[in-house]
Amino acid sequence: MRKQDIICIQCPLGCRGTVIVDETGGKATLEGYECKEGKKYAEIEAHEPLRVLTATVITESKRRPLLPVKSSKAIPKDKLSECVRVLAGLKVKPPVAAGQVLVPDIFNTGANIVSTAEIVE
Amino acid sequence: MKTRLESDVLIIGAGMIGASIARELSQYKLQVTVVEKSLDTFTGQTKSGHGFVYSGRSLNMALSLVLKSIMSPGVHLFEPDSIKIRLGAEGYELFEPLAKRLDVPYQPAKALIIARSDEELRGLKQLYEITDSMGIKEDVRWMDRKDVLEMEPKITKEVRAGLYEDKWMKSIFPPEYALANVENAKENGVSFLYGAEVKGITALNEAFVVETEKGSIKSRFVVNAAGLYADSVAEMAGARDGWSLTHNRTQMSLLDKRLGKELFRSINSVQAVPRPGFFEGIQIQVHGNPYVHCGGYNPALHKEATETRREWFKENVECGQRLVPAFSGRDVITSFVGLRSFNTRDPDDHIIEFSKRHPQFLNAVIRLPGFAVAASVARYVVNLLGNQGLHLEENSDYNPHRKAIPIFSELSDDERNALIRRDPKYGHVVCRCETVTEGEIAEAIKRGARTVQGIQFRTRAGMGRCQKGFCGPRIIEILGRELNIPRTEVTFKGLGSEILKYKSKELLS
Amino acid sequence: MASRLMDVAIIGGGPAGLAAAIKARESGASDVTIIERAETPGGLLDQCVHNGFGLFYFKEDLTGPEFAQRLIEKAKDLDVNLELETMALNMTQDRKITACNSKGVFTIEAKAIILAMGCRERTREAIMIPGTRPAGIFTAGTAQRYVNVEGFVPGKEIVILGSGDVGMIMARRLTLEGAEVKAVVEVLPYVGGLIRNEVQCLIDFNIPCLLEHTVTEVRGRQRVEGVTIAKVDRNFDPIPGTEQMLECDTLLLSVGLIPENELSVAAGIELDPLTGGPLVDEGRQTNIPGIFAAGNVTHVHDLVDNVVYEGELAGSSAAEYASGAASPRKRIIRTRPGKNIRYVVPHSIAADKDAVLYLRVKEPGERVSIKVGDVLTKPLRFVKPSEMIKIEVPARDLRKIDERAKELEVNCDVRRSTG
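Residues numbered from 1 in each chain as written. Chains lettered and ligands numbered in written order. Predicted model: local features only at pLDDT ≥ 70, side-chain atom pairs only at ≥ 80, totals over all residues. Heavy atoms only, no water.

Caption draft 1: Expanded view of the domain arrangement of chain C. All names here are of chain C. The assigned domain composition of chain C is domain 1 (3–120 + 258–326), domain 2 (123–255) and domain 3 (333–414). Computed over C-alpha atoms only, the centres of domain 1 and domain 3 are separated by 26 Å. Opposite the 16 residues of domain 1 that make contact, domain 3 presents 16 residues. Each partner contributes to the roughly 1,300 Å² buried at the junction of domain 1 and domain 3, and carbon and sulfur atoms together form 54% of this total. For the pair domain 1 and domain 3, the number of links is two salt bridges. Where domain 1 touches domain 3, the interface holds ten residue pairs in polar contact (both at pLDDT 80 or more). Looking at the side of domain 1 that touches domain 3 residue by residue, the classes come out as six nonpolar, four polar and six charged. (Domains from an automatic or database assignment. Contact = heavy atoms within 4.5 Å. Buried area = accessible area lost by both parts, 1.4 Å probe. Salt bridge = Lys/Arg side-chain N within 4 Å of Asp/Glu carboxyl O. Polar contact = N/O pair within 3.5 Å; in protein donor to acceptor, adjacent residues only side chain to side chain. Nonpolar A, V, L, I, M, F, W, Y, C, P; charged D, E, K, R; others polar.)

Caption draft 2: Structural detail: unusual backbone geometry. That bond from A:Pro94 to A:Pro95 is cis: its omega, 5°, falls within 30 degrees of zero. In this model, B:Leu368 is joined to B:Pro369 through a cis peptide bond whose omega is 0°. Mapping B:Pro369 onto the fold places it in the loop between β20 (361–365) and α10 (374–387). With a phi angle near 75°, B:Lys505 is a residue other than glycine that sits in the positive phi range. Note that B:Lys505 resides in the segment after β23 (502–503). Backbone geometry at C:Arg331 places phi at a positive 55°, although glycine is not the residue there. Considering the arrangement of structural elements, one finds C:Arg331 in the loop between α7 (304–323) and β21 (332–337). On the accessibility criterion, C:Arg331 (28% relative accessible area) is partly exposed. (Helix = DSSP H or I, 4+ residues; strand = E, 2+ residues; numbered from the N terminus. Buried < 20%, exposed > 50% of the residue type's maximum accessible area, 1.4 Å probe, protein only.)

Caption draft 3: The arrangement of the pairing of strand β19 (residues 351–354) of chain B in detail. All names here are of chain B. Bridge count between β19 and β20: four bridges; the pairing is antiparallel. Along β20, the bridge assignment pairs Ile351 with Val365. Linking β19 to β20, which pair antiparallel, is a turn of six residues. (Pairing = 2+ DSSP bridges.)

Caption draft 4: Expanded view of helix α14 (residues 471–483) of chain B. Spanning 13 residues, α14(B) covers 18 Å between terminal C-alpha atoms, matching the ideal 18 Å at 1.5 Å per step. When we look at burial in α14(B), the residues that qualify are B:Cys471, B:Gly472, B:Pro473, B:Arg474, B:Ile475, B:Ile476, B:Ile478, B:Leu479 and B:Gly480. Among the structural elements, β21 (429–431), α12 (438–446) and α13 (452–459) of chain B together with α3 (140–150) of chain C are those in contact with the buried residues of α14(B). Where α14(B) terminates, the next one or two residues include B:Asn484, which has phi positive at roughly 55°. (Expected span 1.5 Å × (residues − 1).)

Caption draft 5: Up close: the interface of chain C and chain B. With 52 residues of chain C at the interface, the matching set in chain B holds 52 residues. Taken together, the two surfaces of chain C and chain B that pack against each other cover about 4,600 Å², and 55% of this comes from carbon and sulfur. When residues of chain C are sorted by the area they lose upon contact with chain B, C:Met128, C:Arg133 and C:Phe152 head the list and together hold 14% of the total. Between C:Glu177 and B:Lys505 there is a salt bridge; the shortest N-O distance is 2.6 Å.

Caption draft 6: The packing of helix α1 (residues 15–26) of chain C against α7(C), seen in detail. Residues and elements named next belong to chain C. At a minimum axis separation of 7 Å, α1 and α7 run at an interaxial angle of 40°. Viewed along their axes, α1 and α7 adopt a mutual orientation that is oblique. Handedness of the crossing formed by α1 with α7: right-handed. Packed against α1, whose contacting residues are Pro15, Ala16, Ala19, Ala20, Lys23 and Ala24, the element α7 presents Val304, Val307, Val308, Gly311, Glu312, Gly315, Ser316 and Ala319 at the interface. Among the residues forming the contact of α1 with α7, the class breakdown is nine nonpolar, three polar and two charged. (Axes fitted to C-alpha atoms, helices over the stretch in contact; angles between N-to-C directions. Parallel < 35°, antiparallel > 145°, perpendicular 65-115°, else oblique. Left-handed = near helix turned anticlockwise from the far one by under 90°.)

Caption draft 7: Spatial organisation of the pairing of strand β1 (residues 4–11) of chain C. All names here are of chain C. The buried fraction of β1 amounts to six of the eight residues, a majority that puts the element mostly inside the structure. As defined by bridge partners, β1 adjoins strand β8 (residues 104–115) across seven bridges and the pair is classed as parallel. The residue bridging Ile10 from the neighbouring strand is Ile114, located in β8. Relative to strand β2 (residues 32–35), β1 runs parallel, the two being bridged by four bridges.

Caption draft 8: The sheet that holds strand β3 (residues 52–54) of chain B, seen in detail. Residue and element names in this part refer to chain B. Taking strand neighbours across the sheet as the criterion, the three strands line up as β3-β8-β4 in an open arrangement whose pairing is antiparallel. Two strands in the sheet have a free side with no partner beyond their single neighbour: β3 and β4 (107–108). Sheet analysis places β4 next to strand β8 (residues 169–171), joined by two bridges and oriented antiparallel. Looking at β8, one finds that Pro108 is bridged to Lys170.

Caption draft 9: Region of the structure containing the environment of B:Ser355. Residue and element names in this part refer to chain B. Checked against the element boundaries, Ser355 lands in the loop between β19 and β20. Along the sequence, Ser355 and Ala239 sit 116 residues apart, while their C-alpha atoms lie 5.3 Å from each other. Apart from the residues lying within four places of it in its own chain, the contact partners of Ser355 are Ala239, Asp241, Phe361 and Asn363.

Caption draft 10: Representation of the sheet that holds strand β13 (residues 180–186) of chain C in the model. Residue and element names in this part refer to chain C. The parallel open sheet is built from five strands, whose spatial order is β10-β18-β12-β13-β14. Here the strands that pair on one side only, and so sit at the sheet edges, are β10 (137–139) and β14 (209–211). Going across the sheet, the axis of each strand differs from the next one's by a mean of 20°, ignoring polarity. In this structure, strand β12 (residues 157–161) lies alongside β13, joined through five bridges in parallel fashion. Within β13, the residue paired with Ile160 across the bridge is Val184.

Caption draft 11: Fine view of the nonpolar core. In this structure, B:Ile11, B:Leu25 and B:Leu385 are the most contacted members of the largest nonpolar core, which totals 76 residues. If you tally residues by element for this core, the top one is α10(B), at eight residues. The two domains that each donate at least three residues to this core are domain 1 (1–105 + 170–244 + 344–402) and domain 2 (111–165 + 246–343) of chain B. Within the second largest apolar cluster, 74 residues are counted, among which are A:Ala55, A:Ile106, B:Leu479 and B:Phe492. (Core = buried A, V, L, I, M, F, W, Y, C linked by side-chain atoms within 4.5 Å.)

Caption draft 12: Just the pattern of salt bridges, in detail. Counted according to the given criterion, the structure contains 68 salt bridges over all chains. For B:Arg379, the salt bridge goes to B:Glu24, with nearest N and O atoms at 3.7 Å. In this pair, B:Arg379 sits in helix α10 while B:Glu24 sits in helix α1 (residues 16–25), placing the two residues 355 residues apart along the sequence. Since its relative accessible area comes to 11%, B:Glu24 is described here as buried. As a salt-bridge pair, C:Asp281 and C:Arg329 come within 3.6 Å of each other at their nearest N and O atoms. Placement of C:Asp281 in the loop between α6 (262–266) and β20 (291–293) and of C:Arg329 in the loop between α7 and β21 is noted, with a sequence separation of 48 residues between them. On the accessibility criterion, C:Arg329 (28% relative accessible area) is partly exposed.

Caption draft 13: Broad picture of the interface of chain A and chain C. Taken residue by residue, the interface counts 26 residues in chain A and 29 residues in chain C. Approximately 2,400 Å² of surface area, both sides summed, lies buried where chain A meets chain C, with 57% of it carried by carbon and sulfur atoms. Remark: the boundary between chain A and chain C carries six salt bridges. In this structure, A:Arg16 and C:Glu198 form a salt bridge, with 3.0 Å as the shortest nitrogen-oxygen distance. Of the residues contributing to the side of chain A that touches chain C, the split by class is 16 nonpolar, four polar and six charged.

Caption draft 14: Region of the structure containing the packing of helix α3 (residues 83–101) of chain B against α10(B). Residues and elements named next belong to chain B. Taken N-terminus to C-terminus, the directions of α3 and α10 make an angle of 110°; their axes are 6 Å apart at the nearest point. The orientation of α3 relative to α10 falls into the category roughly perpendicular. Contacts between α3 and α10 involve Ile83, Leu87, Glu90, Gly91, Leu94 and Leu98 on the former and, on the latter, Ala375, Ser376, Val377, Arg379 and Tyr380. Split by residue class, the contact of α3 with α10 holds seven nonpolar, two polar and two charged.

Caption draft 15: Up close: helix α2 (residues 64–77) of chain C. The end-to-end C-alpha separation of α2(C) is 20 Å, in line with the 20 Å expected for 14 residues at 1.5 Å each. Those residues of α2(C) lying buried are C:Gly64, C:Pro65, C:Glu66, C:Phe67, C:Ala68, C:Leu71, C:Ile72 and C:Ala75. Buried residues in α2(C) make contact with β6 (66–71) of chain A together with α1, β3 (51–53), β4 (62–63) and α7 of chain C.

The following block contains the structure:
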C-alpha cells in the first residue's frame, strides 16, 4: 500500500486529495477528489507522473543564440533532469526548421525533442 | 601593474571637486594626474546631492543660517568674509559662464519656501530678515497664502505664507557637471586613473609617492579631494592635522517623470522652513525628473551606510505630501540614500589648506553646498598651489570648451533627424522611459562609461519608471559589444557587480 | 521620411497587436502598420518557451514561440507592414503618431489607431524593498528574456518574490538551467498563479513556497548576498521577530504588471484606475473616437488566447471605423464592478448585441455565482483574483434589462469563502 498526496490541476479548485495505490495490482483508492476528471487525473499522476519538457538548446546563430525546444509528448517526470543535461551538451547549427527533431526518442520515452521555432541563420 | 608615473600635481578623487580642480589646472603646462578608487566620477557624493547650485548670498543659504541660529542661538549668523560665503558667492558667479562653455544643462531654480504653522511662520520672517543683511531682499518676494495658492494650486492647503526667489540658484544634474569637467580636463592633457584606490602615501623630501591599485605615482604636490574618504586619505600621508569627518544621511525618492510637469505650474522647487535635523523639499531637476528630499539628518555610522530603510520610505512620502499632496507612494520610481560629510574642526566650514606637516599636501575638504563652490574652490586651490611654488605657465593649447553628448529627448524632430543622418544609432531608442538612443549610449562609452551605472549617469538611460526592465538587456549588449568583453563581464557598478553571472548551461556542466 | 496617412496604425507588435492587424486586414482595411520597438515581432511570446498557449484559440497546446509564429505568418501573408526597432514617441488626439528608428523621425496619421503596448513589470523600487542596491535583482520577465532568449543565467542561488505564474515558471526554468531556487516568497495566504504551475514548477522540484511572507531587506554591496524575509500580518506589514535570513545571489521579482499607458495619457485617453488601462467599449474603442486598445495595455491578461480575442475585437472595430462604415452604438449601458468584483471590461456595452465580459474577483471564493445584473447568473466552482473570468452574455439576456437602466452591475455572490 502506497499513499500519495496528489493535487489535482484540472480546475482552479485544486482538490488536494490522496491516492492509495495497491501494489499487489488491485484497484487504487481515491480520497478527496470532487469530480471524475479529477479522479482520472490523480490516478494517472500517482501511477506515473508525466510532464512535457520545454527547454532551450544553444545554437551557433549569432542572431538567435538559443533555440526553444519541447518534447513531442509528456515524458516521465523523473527523466526531466537527465534530459536537460543531454540538451545542455548540444549545439545546433542553423538553419533549423520549426518542428525539426533534434533528439529522437529521448531516453526511450517515445518522445522526440523538437524545435519550436525556426532559425534561418 | 607596477608602473611609476611622475606628476606635478596628483589629485586624489575624481568627484565634483577633484574634477573641477583638474580642469582648472589643465589651463597650465603641468603634468596632472587624478586617481579615483571607483570606476567612474559620480560614485560618491556627486551622485546623491540635490543638484542645487546656489550662491553664498541666496535664500537657500539663508535657510542654513536660520538652522544655525536655532542650533546655536546668539552666534553671529552671516559672515560675509568667511571662506564659505566668499567662495559660495564667487562660485555662483563662475558657474553660469562655465556651464555654457562646458555645455552643461542647467536651469534657474524658481524656489518657494513655505510656512505652514506659527513656528514656521516665525522662521520665514527670520529668513526674510537675513536676506536683508545678505543684501538680496529685493530679489525675494514675500507671498501670503492666497498668492502662493494662486501661483501654485497644488501646494498644500496648510500653507500660510511663502518666500519666492528665482535669481540666486540654479538646478543641475550633478554627474553631468562633474563629467563635463573630467572630459574637458582630459582633453587638455590631464590623466585620469579609475579603479586606482590609494593604498599608501609616502612623503619624500620634495614629493610624495602614492601607491594605488594601478601602480604608484610620484608627485610634487598632492591635492586631497577624496570626499567621504578625505580623512582616511589625509591620515595615510600623516596630513590630517587632527580633524576627521562625521557623516549623516537622508533618503530621497525619485518620482515618475510625468509628475515633473504636473506638480507645479512655474516653480521647480518647494521647501518648508527648515527645522534642525530635518530637510523637506520637492524639486524638479533640470531634465524634468521630480525628487522628494524629505527626511532627517540621520546618523551614518560608516562611509558606506547608503542602504535604504522601510521607515524612511514612509517618511519621504508622507512628508512630501505635506508639501504637495498631489502624489502617492505609487509614484515613487526609486529611492536612495545620500551621505553628507562635515569636518570635526569646524562643521560649518570647508578645510582648504596645506597640511602642517607636509606643506605640499593640500586638503580640499568641502562641505555642502559643494556644487556651487566647485569652480571657485578650484581657482582658490590653484592659487594656493601657485603661491606654494607650483609654476603656473599657461598652456597655449588649452581649449576651455566641451560639447555634451546630444540629448535626443530634448531635441526637436528636425534636430533629431540631423543627428540620425549623421549616425543612424541615434534613431534607435533603447531606453523607452527617458527616450535615450543607442547613439547616446555608444557616445557615453566612448567618453569613459564602463558600467551600466556609467551609462545611466551620462545619459539617464535606466533612470525611468521601468528601472532598466526594458533597456537593461540592450545596455548590457551594447557595453559588451563596444568594450569587446563577454556580457558576463559587464558590471552594474564595478568589480563584483557583474549582472549576468553565467552563460546558458554553464551550471549544468 | 514624410508623413503618411494610413488606415490602421497599431502601436505594439505582440499578440494583441498582431491579432488586431490580422483582423483589421481581414475586415477590409487596406493599409495596416504595426510599430514595434523590439527587433522582432511577437512581444513576450518569444521568451515564453513553455507550453500552455493556444488551448482555446487554436485548440492545441503550443509554446510561446509557436503561438507567435502562427500570428506572424498570418500577418505577413496578409501584407501587414511591420516597422521593427521603431519607437512610438508621441500620439495626439487627432490620431497622429510620431515615431523614430534608424532611418529617422516620422509621423504617421491614421484613420484608426490601436494601442497594444502591453505592460511593464513592477520593480523593487516601486514596492520599496529596503536595503542596499547591488546587482542581482531582476524582474521575472527580464530574467526570462536573459535565460530563454539571450543565453544567460543571472545567478545560481535564487529567491523569488511573488508566486504569480511568471515567478513560478521561472522557478522551474532556473532549476532546469542548474540554479538552486531556495524559496518562492508570497505575501498572500495562497499561491498567486495556476495550480498547474504550483504543482509542475514548485512541488515537482521541491521548491519551498513561503506563504504570508515577504522580503524585508536586501543585503550585499556589489552583488546580492542575501535577503531577509519575514512573516506578514493581515495588513501585509512584517511581523517583528519572524525574520529569517536567506543567502542568495539573485532576487527575482514577480510582483505585478502595470499596463504601459504613457502614450495614451499624453493623448488624453481616460484610464480606469482599477485596470490601469483605458476605458473601453465592447469594440475596444477608448474615449477618443478612432483610438482603440487591446491586450495587456487595457488590463492584465492571464491567457494569450483572450489577448488575441481582444485584439480581434479592436482590429475589426478599427477597420470599420477607418472605412467610415461604423454604425452608431445603440442602447449603451455602462458596466460596473459590484460585490467582490475588482473590475469589468469592457466599461460599456451596446445592449442590442451579444456581449463578452472579462472580470476579476477581489477575493477567492468557492461555489460562487457571478450575477450580471439580474439577467444572467453563472455558477463557478472556484474563483481567485489571478484567474480572469470570461462571461458571454447573449443579446437576448441583455434585452431583459430595463429600458431606463444605464448601468449593469456585476456581482460575485460567495456562497462559501475559502480561508
